[in-house]
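Coordinate analysis (summary)
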Amino acid sequence: MSATTDTWVADWQQWHTDRAAEATAVYGIAAASGTHWLSETPLTIAGVPGSWVAEAGRAVGDGPGLHLELAPGERHQSGELLLQPLIRAGAVALRVFDPQASTRTTLQGIGAFDPDPAWVIDGIVETTSAALKLDHVDGFVSDNDGVSIRLTINGREVVLWGTATPAGGIQITFADTTNGAETQRFRFLTVAAPDAQGRVVADFNRAYLPPCTFSDHYLCPLPPASNRLDFPVRAGETRLLRADR
């Protein structure tokens, strides 16, 4: 193994270690214990003080000695719980994180295939104005500005569709024939922003399990039909490692 490959593997191992640490952190993604949609009607949430409504794009909590107005992205500590609002298509929800959630306390790590440079694949972004509809795990359907990447995998030309990230990259949701037996239901892949010629690098070794794998209280998009591959992608994360399995 060359020094360059040694460095590449070390970088991947650090990424994999960081992913597990972030997931199992006290308020990491595995600690999500509820996502509660708010309206004008006050809602009480088990373990959370006061009652909550949606008001002007914020989660507003009121009760004896309590008045909170939380904007999406803000966080509030309530005893051992952490509260964080989110907004989707104008609707506001309050997500609750609980360090004692079984989804966190039983999580021991994240399985992964051994890193393989063969799964680092060059691609090209195709210019398009097409809309991309994505079904989500909770039944919601989102309308997105689609971005497509054309790449060749094992001699086959493939076009994957995704959405732009705030940093200019591309967020892809994909499925393949390892799902169910070797990997969980589907996976995410984030591709860095293209260069001036529209070239990108898709490193499937960094394909990762979506938040809804760790807890049922996330709203992940499902793979569009074009991203349901009829061959195996044996790269990236595979399954959650739990103490009770």
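Above this text is the structure in question.
Okay, so let's go over this structure. Within each chain, residue numbers correspond to sequence positions counted from 1 in written order. Only residues with pLDDT of 70 or above have their local features reported here, since the model is predicted, and side-chain atom pairs are shown and tallied only from 80 upward, although totals for entire chains, interfaces and linings are computed over all residues. Values shown for side chains rest on all heavy atoms present in the structure; no hydrogens or waters enter the calculation.

1. Focus: the packing of aromatic side chains
Between 30 and 60 degrees the pair is tilted, below 30 it is stacked and above 60 it is edge-to-face, where a pair is any two Phe, Tyr or Trp rings, Trp via its six-membered ring, whose centres lie within 6.5 Å. Here the structure, examined in full by the defined rule, presents five aromatic pairs. Between Phe-186 and Phe-188, the ring centres sit 6.2 Å apart and the planes meet at 45 degrees, which makes this aromatic pair tilted. Put simply, the rings of Trp-119, Phe-174 and Phe-204 touch in pairs and so form one group of aromatic residues. Counting as a charge over the ring demands two things of the Lys NZ or Arg CZ atom: a distance within 6 Å of the ring centre and an angle within 35 degrees of the ring normal. It is Arg-75 that lies over the ring of Phe-97; its NZ or CZ is 5.6 Å from the centre. Sitting over the face of the ring of Phe-140, Arg-88 holds its NZ or CZ atom 3.9 Å from the ring centroid.

2. A short note on the sheet that holds strand β2 (residues 43-45)
What makes two strands pair is DSSP finding at least two bridges between them. The helix and strand labels rest on DSSP assignments: H or I over at least four residues marks a helix, E over at least two residues marks a strand, and numbering proceeds from the N terminus. One open sheet accounts for four strands, arranged β2-β3-β4-β5; its pairing is antiparallel. For this open sheet the edge positions go to β2 and β5 (66-70), each flanked by a neighbour on one side alone. Averaged over neighbouring strand pairs, the angle between their axes works out to 30 degrees when direction is ignored. Each axis is a line fitted through C-alpha atoms, and for a helix only the stretch in contact is used; angles between axes span 0 to 180 degrees, taken between their N-to-C directions.

3. Thoughts on the side chain of Ser-78
In this fold, Ser-78 is placed in strand β6 (residues 76-78). The class for Ser-78 is buried, based on a relative accessible area of 13%. Any two residues having at least one pair of non-hydrogen atoms within 4.5 Å are treated as being in contact. Apart from residues lying up to four places away in sequence, Ser-78 is in contact with Pro-49 and Leu-83. Residue exposure (1.4 Å probe, protein chains only): buried if accessible area is under 20% of the type maximum, exposed if over 50%, otherwise partly exposed.

4. A word on the pattern of salt bridges
A pair is scored as a salt bridge if a Lys or Arg side-chain nitrogen falls within 4 Å of a carboxyl oxygen belonging to Asp or Glu. What the rule picks out here adds up to nine salt bridges. Here Asp-176 ties to Arg-187 by a salt bridge, and the two come within 3.0 Å at their closest N and O atoms. Within this pair, whereas Asp-176 is found in the loop between β14 (170-174) and β15 (187-191), its partner Arg-187 is found in strand β15, the two being separated by 11 residues in sequence. Given the relative accessible area of 5%, Asp-176 is considered buried.

5. Overview of the sheet that holds strand β1 (residues 32-37)
The sheet built from four strands is open, its strands ordered β1-β8-β7-β6 with antiparallel pairing. Strands at the two margins of the open sheet, each flanked by one partner only, are β1 and β6. Taken pair by pair, the neighbouring strands of this sheet meet at an average axis angle of 30 degrees, ignoring direction.

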